[in-house]
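Listed below, chain by chain, are the residues.
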Amino acid sequence: MEEREDHIDRLSFVRNQLNILTDVIKKRITELTKEVENKVSSAMSDEICRLSVLVDEFCSDFHPAPSVLKIYKNELNQHIDEGMGRNLADRCSSAVNFSLQKAQQDMIENLLPLLPSGIQNQLHILVPYRKFDLSYDLNCDKLCADFQEDIEFRFSLGWSALVSRFLGHKGAHRALLGFSDKIPQSIPCTPSTTSLPALSQQNVSQEEVMVSLVTGLASVTSRTSMGVVIVGGLVWRTVGWKMIALSLGLYGLLYFYERLTWTTKAMERTFKKQFVNYATDKLQMIVSFTSANCSHQVQQEMASTFARLCQQVDITQKNLQEEIEMLTKKIEHLDNVQKGAKQLRSKASLLEGELDIFTKEYLLQHSQLRL
């Protein structure tokens, strides 16, 4: 009876402690996953800021031919995958492994008292240590699959470059394509001095005004050469032909200098700069996804360890339950034997009483008759 009561108390203790420890461990897993997510997110943001350094370290044969560029892109994407993965592992994996091992050790120490001594000595075999490595799946080849480079020669003082410098890339693109159809038709086609107030009254933005002016100027100069002659005459009268010739000469020298320096190396530098800008935007979009994926890996590892420990605790509970049932059956059997013995004792007492009665009635009478 005492052994059975001890087993019942032990089983009740294991169940209650397991419920309490389950809540504690779930909370610890949640804290650890958030810690890993923040750590990976911060490290990845820093690595994205250093992406230009990683790209500059890449060396391979570059040529503007499409077939060579395709191979160059593939190798560059692989270089970024390996480089960023290696840098993230150096910054995060050691710290994450330390936190994970500590959390697993605390988990084992908390659940160890719930196991029998024989299982405690074999726990390192039943729940073996496994090295955990975070996987940073960046997939730059898919992420930057839509990247389109622009490595054509662009003169720094050319018409496109000047418009881009004053209006920005988007405004320049709109101006060079002819954005005049976007101007409201209700605005009269009067000189610019009278059209500006009308534009402000129609709440047209300053950028659209600049685009419309540049577009108008481009359309006028492209339709007739008279404007060029008039402007050239005014400039010639103002500064003289020597200054004009000097300016054109310097302009030409600058053009030829930039054209001569537009080598394969210059194309590669431009390509890398464009790729860094494109890849930075794309990688920023997957920071939260990658950090959440890493935290999910840690959560799965912790949950796996906890599940294996709980399996051993469940086996312990099952063994206790079976021992309790076996002891219960033994106790019931002993109770039945004891009840049978009591019944037999009662029958023996009854028979003994009847025998005494028989002895007194018949044997005494028989002895008297003989006398």
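Details of the structure are given in the entry above.
The residue count restarts for each chain, going from 1 along the sequence in the order it is written. For this predicted model, a pLDDT threshold of at least 70 governs which residues receive local features, and a threshold of 80 or more governs which side-chain atom pairs are given and counted, while totals over whole chains, interfaces and linings are taken from all residues. The basis for the side-chain values is all heavy atoms of the structure; hydrogens and waters are excluded.

Two aromatic rings, taken as a pair, are described by how far apart their centres are and by the angle between their planes. The pairing test for Phe, Tyr and Trp rings, Trp by its six-membered ring, is centres within 6.5 Å, and the orientation test on the planes gives stacked under 30 degrees, edge-to-face over 60, and tilted for anything in between. Applying the stated criterion to the full structure yields 8 aromatic pairs. Relative to Phe271, the ring of Tyr72 has its centre 5.4 Å away and its plane inclined at 80°; by these criteria the two rings are edge-to-face. Of this pair, Tyr72 sits in helix H3 (residues 66-111) while Phe271 sits in helix H12 (residues 264-285), placing them 199 residues apart in sequence. When its relative accessible area of 0% is taken as the criterion, Phe271 is described as buried. Between Phe271 and Phe275, the ring centres sit 6.3 Å apart and the planes meet at 15°, which makes this aromatic pair stacked. In this pair, Phe271 and Phe275 both sit in helix H12, 4 residues apart, roughly one turn of the helix. Each helix corresponds to a stretch of at least 4 residues labelled H or I by DSSP, and each strand to a stretch of at least 2 residues labelled E; elements are numbered beginning at the N terminus. Note on classification: 1.4 Å probe, protein chains only; a residue is buried when its accessible area is under 20% of the maximum for its type, exposed when over 50%, partly exposed between these limits.

Moving on, we come to the pattern of salt bridges. Every case where a carboxyl oxygen of Asp or Glu lies within 4 Å of a side-chain nitrogen of Lys or Arg is listed as a salt bridge. For the structure shown, the criterion picks out 6 salt bridges. With its nearest N and O atoms 3.2 Å apart, the salt bridge here joins Glu47 to Arg50. Residue Glu47 is classed as buried on the basis of its relative accessible area of 5%. Owing to a relative accessible area of 41%, Arg50 belongs among the partly exposed residues under this scheme. Between Arg91 and Glu47 there is a salt bridge, with the nearest N and O atoms lying 3.6 Å from each other. With Arg91 in helix H3 and Glu47 in helix H1 (residues 2-49), the pair connects residues that are 44 residues apart, well separated along the chain.

Our focus in this paragraph is the state of the cysteines. Note on disulfides: each one is a pair of cysteine sulfur atoms within 2.5 Å. This structure, assessed with the given rule, holds 0 disulfides. Here Cys144 stays unpaired: no disulfide links it, and the sulfur of Cys140, its closest cysteine neighbor, is 5.4 Å away.

Here we come to unusual backbone geometry. Even without glycine at this site, Asn139 takes up a positive phi of about 50°. Among the structural elements, Asn139 can be located in the loop between helix H5 (123-126) and helix H6 (140-143).

Turning our attention to the packing of H1 against H3. Taken N-terminus to C-terminus, the directions of H1 and H3 make an angle of 170°; their axes are 10 Å apart at the nearest point. Between H1 and H3, the crossing angle belongs to the class labelled roughly antiparallel. Polar here means any residue other than Ala, Val, Leu, Ile, Met, Phe, Trp, Tyr, Cys and Pro, which are nonpolar, and Asp, Glu, Lys and Arg, which are charged; Gly is therefore polar. Its residues assigned to classes, the contact of H1 with H3 comprises 18 nonpolar, 3 polar and 6 charged. Angles here are taken between N-to-C directions and fall from 0 to 180 degrees, while the axes themselves are lines fitted to C-alpha atoms, restricted in helices to the stretch in contact. The labels follow the angle: roughly parallel below 35 degrees, roughly antiparallel above 145, roughly perpendicular from 65 to 115, and oblique for the rest.

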